[in-house]
Every structure is written in C-alpha cells, then in structure tokens.
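Fold and contact review
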Amino acid sequence: MSDASGSQEAARQCARDYHNRRQRKLEALRASRRPNPYLQELDKEDARRQFSNLLQAVTNFRLSLEAITGGQWRSPVLRKRQFSNPRWGKALNGIRPLARFVLVPIVSGVFVWVFLEPVSRDWIASLESPVADRAAVARRCADSVLLRDDKGHMLGVMRRHQEPDCYGKHMTTEFDDQNARAIAKAIGILEGRFKRTDPTLFGIDMVGFARLACFETERWLRGGFPREHASQGKKKTICPFAGTSPMQSFVEKLAGDPHPQKSLFKKINYLRATAIFEARYLRGNDTLRARFLSGQSPVLEEHGGREYGGRLAAEHLFGGMPTSLGQKCLFAAAAGFPLRMPYDGASEKWKNSVNARLDKAKHRAASKCVPKLARSSEEQDEALQEINAFELPAAHLPRLSEHILMLLEDPLIFPTIDRTDIHLTLDAELQRLVEKSAPLFVQSMVPGRSKPDWLLAVAEIKENGVLELRAAGASRRGLLAGPHRSERGVIRHHLPDIGLGSQAKIPLVLLGTRKGYSELCNRQIGTISNASGPSAVSDCESDPAGFVDIRFATARSMNAPFAALAEDHPADIRDLHNVLNWLGPDMGPTGAALGIGRTPSPSQMMTLAAAIDEGRFGHPLRSRGLSIISSEAGRAIDLSLAGYTALHGSKAAAILRAPLGPDGTLFKIGRHLSDVACRLIWGKSGSPEIAGGTTAMARSATLVAECGTRRFVLFAMITSGDNRLPVNIGTSQLSGMLRPALEYLAQADCATRPGCQISHSNGETS
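First things first, this report covers the structure right here in the doc. (Residues numbered from 1 in each chain as written. Predicted model: local features only at pLDDT ≥ 70, side-chain atom pairs only at ≥ 80, totals over all residues. Heavy atoms only, no water.)

1. Quick notes on the packing of helix α6 (residues 177–191) against helix α13 (residues 325–334)
Where α6 meets α13, the axes come as close as 9 Å, and the angle between the chain directions of the two elements is 60°. Comparing the axis directions of α6 and α13 gives the class oblique. Considering how the two elements wind past one another, α6 and α13 form a crossing that is right-handed. Facing α6, whose interface residues are Asn 179, Ala 182, Ile 183, Ala 186, Ile 187 and Leu 190, α13 presents Lys 328, Cys 329, Phe 331, Ala 332 and Ala 333. (Axes fitted to C-alpha atoms, helices over the stretch in contact; angles between N-to-C directions. Helix = DSSP H or I, 4+ residues; strand = E, 2+ residues; numbered from the N terminus. Parallel < 35°, antiparallel > 145°, perpendicular 65-115°, else oblique. Left-handed = near helix turned anticlockwise from the far one by under 90°. Contact = heavy atoms within 4.5 Å.)

Here it is as structure tokens:
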C-alpha cells in the first residue's frame, strides 16, 4: 500500500509540476505581447449592431473590402495574433488575410445579392417616404428655362414652374442625353462608380456609403470622437471620411438636408429615400439616371446662396455645352461641391473660398478624372492644359429684369411649350434699352396721380414670312389679356375691357380695297337697334356730298364711314375676323369700326401689319416670340383664306400711309421722329374713349418702319392704370417711347453697311 501510495503521490506531483510549468509559460507569453490601445470593453449589443450596419453596406461580391476603403483598411481588431502552438498557428495566420479580404466580402456579398436584394428591393421601393417626396418636388421646381436672343446667346433664366408649393434656391436645366451620359460617367469616376453592375443594391452606387460605414465603425472603436474633427483634419483616420453615392447626395441636397456630418443611421434613412426616389421617378433607366446626375448637381453658387446646375451652369462656365474632356471633368469635379462665384465687394473670406473651391475642383479633375477618361496621351495633355488655364467668368449669371419676367410667366404655362430652351429672337441690347428707357419716359411724362401702364414691342419682318420679336417691355404682366385655366386645364383668354380702339379699322381698310371703294359714306341719318345694340345708319344715295375719301377717313380715323362699310358687309367682316382669329362677341358695324367686341391683341395686330406689308397672301405669315406680349400661341395669318390677294394688301398699305400725313392722327409722331434715320412707312393709331367719347383711356399705335435694308413692326401703348381715370396724354407722346428703339435700329443696320453714316438733327454724324 505504501509503495502504491507513494507512486500515486509522485504522479500527482508530476502533474502539478507540469501544470505549473505550463502556466508560467502562458503567463510569460501573455506578458510578452504588445499592448493594443484600440481594444476596449465592448457592449455585445452595440457590437452586433455595428457589425450589422457594416454588413448591410456590402453591395455584391464584386465590391471588395479594398474597394470600400480605398485600400486603406487596417483593422486593429483583426491584427495578426501569435498562437501558442507554432505548428497550426502559422497555418491560421496565413489563412486569416484570405478570409479577411476575400471570403468575408464574397460570403456577405452573395448573401445580400442572392437573398436580401430580390426580397427587399420591391418592398423598400414601395414604402412612402417624405424625404423622397420633398426631393421630387424640389427637382420639379428647380427646372428652369433658358431664354436666348436671335444669336443664340443666353439672355436670362427663369423658373418653369411657379406653383405655391415650389421652394428652394436650386435652378437647373437638363443636358441632352449624350452629354448627360458623358458627365454622369465623369461624376461616377470621381465619386464612386456610375453603374457598376446590374443589379446593384437598390440601384444605387454604394461605394461612398460603405466608406462611411467603415469610418463610423472606426470612430466607434476609438471612443466616438466628433465627426467634424475628421472633416476638419483634427483627427487622422484610417478609413477615408467620405459621403454617399452621387445620386444619394443629390437627393439629400434637393430634400433640404445636404449637411455632410450626418450619423450612419440618418444616412440609412436617406438611402431608403433614394431607393424610393429612383424606383418611382427614374425607374431604373440609365438615361434618366444620367440626366438626374448631370442636371441636378449644384455646380455654381452665388453669394446669395442660390445654386445652379446642368446646362445653365455649363452655359455660364464654358459659354455652351461642355464639349472637351477638360470641361467635362471640371464640371464633374464641381458637381455637389459648387464653385463659388466672385463678386464685387466680396469679403476676404469669400474670395479665399472662391479660390479654394476652384483649386480643389481643378485638382480632382486633373488627377482623377482626366487620366481615366483620356483616350490618348495627346488628349490627356490637352485636357490638363485646359483645366490649369481655366478661370471663373467675371460676369454674373444673366438675370431677367422685372418687366420681362412679368411678360414671360403666362406663355410658359402653355401646353405647346415643353422645352427648357426657348429661342426668343430678342436683341439683347435693344431689350435692355427698351426696359430702361420706356418706363423712365412714361414716369416723367405723367407724374403723380394714377400711374399709367405701358407696353412697347419691336419685331422684324423677315423675308421667309416670319415676324420675329426683337424686344418687348411692359409695366405689368397680363396688361391686356391674362390666361385663365379652367377646371379641365384648358387655358382661356379673357379679352380686355379696353381694347386697341380704332386700330380695328385696319381690316376694314382691307375690305374697302377688296370691294373697290375709293370713297365711304359719312352721312349718318340715324341709328337702328339690333341684338348687339344701336348701329349707325348712313344714306349717301340722296346726297352725294356725304361721301368722303377713304384715305381721309383713315387719316382722321372717322367712325361713321367705316361703320357704314361694316354695315354693308357684315358677313365679310365676320369671315375676316375668323381668319385673323380675333376673339369676342360680334358687336355689329359700330363695334367693328370702334374696336369693340371682336378685338385683337398687340401680337395679332403686329402680325396683321406684317402680312399686309410683305404681301403674304396665299403664304401664311408666322410669328416667333410675340406670344410673350399677348399670352397666345402665335397663330399664322393667311389672308387669302378670306379672299384677299397681294394687290389688295399693297392698296391697303398705301391707304394706311394717310395717318402719317398732315391730316393724320400719326402726323405729330412722324414729325417728332423726322430726325431719326429710320423712316415710318405706314401705321394706325387707336384711342379707346370714355365719357361720351371725350376722354381717352389708352393711346396706342402699330407702325411699320424701314431702317436701311430692314423693316420692322412696332407697337406702343400707354394706358390708364385706373379704369376710372383717363390717361390724359396725346397720341403724339408715344414718340418718346419709340425714339430710343428706332435710333438703335438705325445704327445697328448702318453698322452692317460699309461707309454708312447717320446724320442727326444737331448736325452730328455716327
């Protein structure tokens, strides 16, 4: 027993010695390890949540961990560990990098792609999100219209939609499909990838989002330092501090929350909103996606905070579409991080910000975009030179003046206009002159009391049968006729209470020439009542002395002779008014003579004058741009449909020269403008009256002028701003509005002819 007990005790002692030796070795091994400053006591629930967030950021098996982090991931938790058993520890240390960089991304990516993607895509996209709805409204409200002159230069910009729910300061116009794809591709290169593979999780490029997930995980492991410390450079991080994909960042900006220092969970909410936005409005279409990325990106920022994007920004930066590689890369580099525009009187802080943003955009374009898109070394060198030499334009973005904005709001809601680029044929210098000189003249002419309204338009008669607007100004929108949208969305036009008066006699002059009248009856023997009211009755058969020359009647704008003409041919008057598209009730012969009832708009009167002057009979005369002064679509005029020929037109034009003669209503206008190189050819005035025909409520005139080799139609009007008060001016005072425009047109035409000089009344030449 003693021998057995001794042997057992010896075995126990041997085991204790072996255990002690093993413990000493393990303790020595633990003591030899380097301390890890990143390891902390982790809450299990927090750890699970952070790992779940990181897993959701993986899009598919093509997205490796290196792509997520830009090759900068160095996880302190997954560092190489030293194992006590050297035989299998070496093998595990070799497998761990493979698992870290290959197996984990593949397994998690396949799981997301195969299981999560098909199940969640439709479900996520069907969710209602106020963020996506706000972005959609802001996108629609940001849609703007480019207004160009006759040379194609950008004159101004205005919003297309004016609904009350529109808000925000972003303004943009879309690119065409080809340029949109090219710019979206450049944006994708700089911000991630445009369309990596199909399907991508929710159709969104997730590279930037995964980088942010990486950054948030590192920030959590290091004690949760403030996010802004990383963006401000106060905290060096292993993971790059980046935002999200381009489309998601633009949705955030449109939704009104573009602040970069958002939490990961807020980013997840915007990720969901972006998925809903794309499924609902872009429908997974690459072309629509490219338009969104290239058009909605803010590229320019004014000092007032307004941001511009798309073609509007490109027009200002490059004078047109971004055609070269350097321009496309520079535009993409500024997308989402807009270039600040310099301005006079800017503070040093603003000037430094302008230079800093431009330098950053140049660096990104030259270092990241150009090398990847250049097809040859020559193209790359050319693009780099263009980027380095680029400077921000000194001029501000063009703005619409108050007057032209008032004029343009109405026609832009027409269903026939569905473009973001409208060619107005305006002469930029003449437009500025009209907007500056006309209101100053009217204010100086009628000081105090009721402020009068005014309208001035200049259009050129082209040889191809088109009347093109060159300039237009008005004191307020809808001066004569404004639009009215019915319950079904159809636009109707209310006729003004005060029309153009005796200008309505121009069609009556046409009718007189067609009927072969050289004289009209001016002997009124009474009135006759009908459904439209009392009409004049004339009888000159018993007394030939009652006849008056049609030229004299036109010159003095006599009512009775033209009322008698209309009374004899009511059906012809109705046919002519129908061809001219004049609206309103038929008020009988007197109404036709006085311009009451079926009355025209200024644009219709100008188009009629151009058709008569050019002899457009059998070949419709069209107008371009005139709709902005009358809120109408600009219907073509073909007088041959009512039985008129070019011979009738030439005779009518000859009769309409009479108002400029000594006995005419336009004689003083012609005399006041006799020193202007432009020559007035013919015209007609109108003066709607109240108080029994003794007080004028408006003075207007349509004139045809010849300026060298060019012919123009001008419309001028001054009307009372109060229906109870007269305008209290004479027709001759319209010359003050017309003079600056005619002088400009004369000089512009003379400049195109070698050796041309204009003599002025003061003896000077120009």
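2. Section: the nonpolar core
Counting residues in hydrophobic clusters, the biggest one holds 65 residues, and the most contacted among them are Leu 467, Met 606, Leu 608, Ile 612 and Leu 639. Looking at this core, the element that brings in the most residues is helix α23 (residues 602–614), giving seven residues. Discounting chain neighbours no more than four positions away, the residues touching Leu 467 are Ala 459, Glu 460, Ile 461, Met 606, Thr 607, Ala 610, Leu 621, Arg 622, Ser 623, Arg 624, Leu 626 and Val 713. (Core = buried A, V, L, I, M, F, W, Y, C linked by side-chain atoms within 4.5 Å. Buried < 20%, exposed > 50% of the residue type's maximum accessible area, 1.4 Å probe, protein only.)

3. Some thoughts on the pattern of salt bridges
This model, assessed by the stated rule, comprises 24 salt bridges. A salt bridge links Glu 301 to Arg 357; the shortest N-O distance between them is 3.1 Å. Of this pair, Glu 301 sits in strand β4 (residues 298–301) while Arg 357 sits in helix α14 (residues 348–373), and the two are 56 residues apart along the sequence. Summarising the burial analysis for this pair, Glu 301 and Arg 357 share the class buried. In this structure, Glu 348 and Lys 351 form a salt bridge, with 4.0 Å as the shortest nitrogen-oxygen distance. Taken as a pair, Glu 348 and Lys 351 lie in helix α14 at a separation of three residues, close to a single helical turn. Taken together, the salt bridges that share partners define one network made up of Glu 460, Glu 468, Arg 470, Arg 624 and Arg 710. (Salt bridge = Lys/Arg side-chain N within 4 Å of Asp/Glu carboxyl O.)

4. A look at the sheet that holds strand β6 (residues 339–340)
Read from one edge to the other, the open sheet built from four strands follows the order β3-β5-β4-β6, with strand pairing classed as mixed. Edge positions in the open sheet fall to β3 (170–173) and β6, since each of these has one partner strand only. Taken strand by strand, helix α12 (residues 310–318) contacts β3, β4, β5 (307–309) and β6, and its axis lies near 95° from that of β5. (Pairing = 2+ DSSP bridges.)

5. Section: the packing of aromatic side chains
Throughout the structure, instances matching the rule amount to five aromatic pairs. Measuring from ring centre to ring centre gives 5.4 Å for Phe 175 and Phe 331, while their planes differ by 85°; the resulting arrangement is edge-to-face. One end of the pair, Phe 175, is in the loop between β3 and α6; the other, Phe 331, is in helix α13, and 156 residues separate them in sequence. Taken together, a centroid distance of 6.0 Å and an interplanar angle of 70° make the contact between Tyr 343 and Trp 350 edge-to-face. A connected cluster of aromatic rings, assembled from ring pairs, spans Phe 277, Tyr 281 and Phe 292. Of note, Arg 357 hangs over the ring of Phe 337, and the distance from its end group to the ring centre comes to 4.9 Å. The positively charged end of Lys 360 is found above the aromatic ring belonging to Phe 337, 4.4 Å away from the centroid. (Phe/Tyr/Trp six-rings, centres within 6.5 Å; stacked < 30°, edge-to-face > 60°. Lys NZ or Arg CZ within 6 Å of the ring centre and 35° of its normal.)

6. Some words on the packing of α13 against helix α15 (residues 377–389)
Close contact between α13 and α15 brings their axes to 8 Å; oriented N to C, the two are set at 55°. The angle between α13 and α15 falls in the class oblique. The element α13 and its partner α15 pack so that their crossing is right-handed. Between α13 and α15, the residues in contact are Leu 325, Gly 326, Gln 327 and Leu 330 and Glu 379, Ala 383, Glu 386 and Ile 387, respectively.

7. Topic: the sheet that holds strand β20 (residues 698–707)
Within the open sheet, the six strands sit side by side as β16-β9-β8-β21-β20-β17. Their pairing is mixed. Each edge of the sheet is formed by a strand with only one pairing partner; in this case those strands are β16 (622–624) and β17 (679–686). The sheet shows a mean angle of 20° between the axes of neighbouring strands, direction not considered. With three bridges connecting them, strand β9 (residues 466–474) and β16 associate as parallel partners. By the bridge assignment for β16, Val 466 is matched with Arg 622. Along the sheet, helix α17 (residues 428–445) contacts β8 (453–461), β9 and β21 (710–719); its crossing angle with β9, the most-contacted strand, is approximately 45°.

Read these as layout, nothing more, since geometry by itself doesn't imply function.
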